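Read off the chains here:
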Amino acid sequence: MLPFSMSPRRPREYRSCCDRHNPRALPRGCTLLLLGAQVELFRSLQQVREQAGLLDRATPVDLGSARGLRASEVGLPVGLDTETSALVLFLSDKCFVCRSIAAGLQGALLRGVWLVLDPGSAGPDAQLAPALGFNAEDEKVVVDPERKIMKAIGTLGTPLVLSVEHGRLTRASGITSTRQVYELAGSALPQQARPESDHVKQEGMMA
Amino acid sequence: MLRLETRARAPGRMTGDFAALALAGVLAGLLTGPGLEKLRAPESFSSTLKALGLPSAVLRTASITLPAAEVLAGACVLLLPTQLWPIALIIALAFGFALAGALGLRAESPISCSCFGGGSEAVLGKRQLYAFPLWAGAAVSVEAIGRSWSSGEGAAYLAVVLAVLCGLRAVSLARLWRDAKADRLAASESLQPRHAPIFDVAKEAT
């Protein structure tokens, strides 16, 4: 049985283009126009954010010859060699964005996320700030005072996320926010980690 | 309201009816959606016409007339099943698209396509040339098979086509909204950074 009539030429009373029983085309056309206007609006905002450098996108980083190496070969903990999938987050005390991300993690390491911290000019004997909540005894928290691991990887830029799959280095990305750490780790950004202004403020935050 | 009928029809005829309807629906979708988008924001299409060498005197008229013709052809192939001119108009438009593609290939610099309105990075070229036989073949097939629906039914089918286009547009909108929200959250973090040092030392680097 057909869901609708497929009969040939219908009687005259059904030949009107705007049959009163089927007025749906016009409002849907209007809806299409409105949706198109909204898409254009968001694309315009995206261009503005791009110009202002406010795009929150991870930037791929070329690992070069380090790609495919075992994690322990570049100085990372041996435990990573047996991980099926893991992320290594590199943060430096010299970098304000790194400090912001470190604070944004609120001392909680996501599942599968390891931390490599560079004390910068704080010195090799520097202690982790207790306020951040990280446990220096944790196997997943590594202090790399002379950036040996980063030099072995071949990149010194931070913050950096390194993907380890089946114990081997696969790819790296430069990140700019705590949100990207959660996104790369496949977790939802916790409510506590969100900024206070989760809605548009009158000070002129972007939509 | 669509009416159910249990009139028996030959299976082959039913298949042909569905094929004609499907082809006509695709043609309607590919013409009315982009045509409406060009009418909503004619600047991108106008710049494409200008790059193709259209005189300034007719630029404004053409940037309205051509998209209107697209919408008309796409809508009427469903709304006026007994008329031949929508089919002829579709073939004429397809020839125009192919001609634009050929001119785009000859142009010194790439010409933006704007086939689907602004925001696309596609350029005019071989794609439009290869698409011409597909357009013409689809239009001719629809007429050859026969459009066996009424105008009222055609209006209902057009509403379905527009609903599908709205759905596709809503998917794009949702993705853009999600990206905008992510950028806003990240911007909040960078504009209100927490600079507490990671390492607890007396002297900090500046």
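In the block above lies the structure referred to throughout.
No experiment lies behind these values; they were computed from the predicted model shown.

*Asks:* I'd like a rundown of the overall build of chain A, residues and numbers included.
*Replies:* The helix and strand inventory of chain A stands at 4 helices and 7 strands. Counted from the first residue to the last, chain A has its helices and strands arranged as α-β-β-α-β-β-β-α-β-β-α. By residue count, 43% of the 207 residues in chain A fall in the buried class. In chain A, of all internal contacts separated by at least 6 residues, the share reaching a separation of at least 24 is 73%. Accessible surface computed for chain A: about 11,300 Å², of which carbon and sulfur atoms make up 53%.

*Asks:* Explain the packing of helix H2 (residues 96-105) of chain A against helix H4 (residues 178-185) of chain A to me, and be specific about the residues and the numbers.
*Replies:* All names here are of chain A. Contact geometry of H2 with H4 gives a least axis separation of 8 Å together with a crossing angle of 60°. With respect to each other, H2 and H4 are oriented oblique. On H4, the residues that touch Ser-100, Ile-101, Gly-104 and Leu-105 of H2 are Thr-178, Val-181 and Tyr-182. A breakdown of the residues in the contact of H2 with H4 according to their chemical character gives 4 nonpolar, 3 polar and no charged.

*Asks:* Explain the side chain of Ser63(B) to me, and be specific about the residues and the numbers.
*Replies:* Locating Ser63(B) in the fold gives a position in helix H3 (residues 56-79). Setting aside its immediate chain neighbours within four residues, Ser63(B) contacts Pro42(B), Phe45(B), Ser46(B) and Leu49(B).

*Asks:* For the pattern of salt bridges, give the residues involved together with the corresponding values.
*Replies:* This structure, assessed with the given rule, holds 13 salt bridges over all chains. Ionic pairing is found between Asp56(A) and Arg179(A), a salt bridge with its closest N-O pair at 2.6 Å. In this pair, Asp56(A) sits in the loop between helix H1 (25-52) and strand E1 (59-61) while Arg179(A) sits in helix H4, placing the two residues 123 residues apart along the sequence. Each member of the pair, Asp56(A) as well as Arg179(A), is classed as buried. One salt bridge connects Arg99(A) with Asp93(A), and the closest N-O pair in it is separated by 3.4 Å. Here the residues in one salt-bridge network are Glu40(A), Glu37(B), Arg40(B) and Arg169(B), joined through shared partners.

*Asks:* So, the sheet that holds strand E7 (residues 168-174) of chain A: which residues are in play, and what are the values?
*Replies:* All names here are of chain A. Read from one edge of the open sheet, 6 strands run E1-E7-E6-E2-E3-E5, paired in mixed fashion. Both outer strands of the open sheet, E1 and strand E5 (141-143), are each paired with one neighbouring strand and no more. Sheet twist, expressed as the mean angle between neighbouring strand axes with direction ignored, is 25°. Helix-sheet contacts for H4 involve strand E2 (85-92), strand E3 (113-118), strand E6 (160-165) and E7, and the interaxial angle to E2 is about 165°.

*Asks:* So what about H3(B)? Which residues, and what values?
*Replies:* The first and last C-alpha atoms of H3(B) sit 34 Å apart over 24 residues, in line with the 34 Å expected at 1.5 Å per residue. Approximately 40° is the largest bend angle found in H3(B), and it occurs at Ala62(B).

*Asks:* A description of the packing of aromatic side chains should follow, citing residues and the corresponding values.
*Replies:* All names here are of chain B. Within the structure shown, the criterion is met by 3 aromatic pairs over all chains. Relative to Tyr-157, the ring of Trp-149 has its centre 6.0 Å away and its plane inclined at 80°; by these criteria the two rings are edge-to-face. Tyr-157 shares its class with Trp-149; the two are buried. The ring centre of Phe-45 lies 5.5 Å from the NZ or CZ of Lys-38, which sits over that ring.

*Asks:* Account for H1(A), with residues named and values stated.
*Replies:* Given 3.6 residues per turn, any residue in an α-helix points the same way as the ones three and four places further on. Residue and element names in this part refer to chain A. Between the first and last C-alpha of H1 there are 41 Å, a value that for 28 residues agrees with the 40 Å anticipated at 1.5 Å per step. Regarding H1, the residues found buried are Ala-25, Gly-29, Leu-32, Leu-35, Gly-36, Val-39, Phe-42 and Arg-49. Taken from the residues just after H1, Gly-53 is the one with a positive phi, measuring 70°.

*Asks:* Which residues make up the environment of Lys148(A), and what values go with them?
*Replies:* Among the structural elements, Lys148(A) can be located in helix H3 (residues 148-153). Between the alpha carbons of Lys148(A) and Gly75(A) there is a distance of 7.3 Å; along the sequence they are 73 residues apart.

*Asks:* So what about the nonpolar core? Which residues, and what values?
*Replies:* If you look at the biggest cluster of nonpolar residues, it comprises 41 residues, and the most contacted ones within it are Leu27(B), Leu78(B), Ile90(B), Trp149(B), Leu158(B) and Leu162(B). At the level of elements, H1 of chain A together with helix H1 (11-40), H3, helix H4 (85-106), helix H5 (126-145) and helix H6 (151-191) of chain B are the ones that each hand at least two residues to this core. The residues touching Leu27(B), leaving out its near neighbours within four places in the chain, are Ile90(B), Trp135(B), Ala138(B), Ala139(B) and Val142(B). Ranked by size, the runner-up nonpolar core spans 26 residues in total, among them Leu87(A), Ala102(A), Leu128(A) and Ile198(B).

*Asks:* Can you break down the packing of H3(B) against H4(B) residue by residue, with the values?
*Replies:* All names here are of chain B. H4 packs onto H3 with a crossing angle of 140° between their chain directions and a minimal axis gap of 9 Å. In terms of orientation, H3 and H4 fall into the oblique class. In the crossing of H3 with H4, the sense of the turn from one axis to the other is left-handed. Contact with H3, carried on its side by Ala-69, Glu-70, Leu-72, Ala-73, Cys-76 and Val-77, involves Trp-85, Pro-86, Ile-87, Leu-89, Ile-90, Leu-93 and Phe-97 of H4 and no other residues of that element.

*Asks:* Which residues make up the environment of Ala19(B), and what values do they have?
*Replies:* Take Ala19(B): it is sitting in helix H1. In this structure, the C-alpha to C-alpha distance between Ala19(B) and Gly146(B), residues 127 residues apart in sequence, is 9.7 Å.

*Asks:* Account for unusual backbone geometry, with residues named and values stated.
*Replies:* All names here are of chain A. The omega angle of the peptide bond from Thr-158 to Pro-159 is -5°, so this bond is cis rather than trans. The backbone phi angle of Arg-147 is positive, close to 55°, even though this residue is not glycine. Inspection of the secondary structure puts Arg-147 in the loop between E5 and H3.

About the thresholds
Residues numbered from 1 in each chain as written. Chains lettered and ligands numbered in written order. Predicted model: local features only at pLDDT ≥ 70, side-chain atom pairs only at ≥ 80, totals over all residues. Heavy atoms only, no water. Helix = DSSP H or I, 4+ residues; strand = E, 2+ residues; numbered from the N terminus. Buried < 20%, exposed > 50% of the residue type's maximum accessible area, 1.4 Å probe, protein only. Contact = heavy atoms within 4.5 Å. Areas by Shrake-Rupley, 256 points an atom, 1.4 Å probe, with all protein chains shown as cover. Axes fitted to C-alpha atoms, helices over the stretch in contact; angles between N-to-C directions. Parallel < 35°, antiparallel > 145°, perpendicular 65-115°, else oblique. Nonpolar A, V, L, I, M, F, W, Y, C, P; charged D, E, K, R; others polar. Salt bridge = Lys/Arg side-chain N within 4 Å of Asp/Glu carboxyl O. Pairing = 2+ DSSP bridges. Expected span 1.5 Å × (residues − 1). Bend = angle between axes of the 7 residues up to and from the residue. Phe/Tyr/Trp six-rings, centres within 6.5 Å; stacked < 30°, edge-to-face > 60°. Lys NZ or Arg CZ within 6 Å of the ring centre and 35° of its normal. Core = buried A, V, L, I, M, F, W, Y, C linked by side-chain atoms within 4.5 Å. Left-handed = near helix turned anticlockwise from the far one by under 90°.

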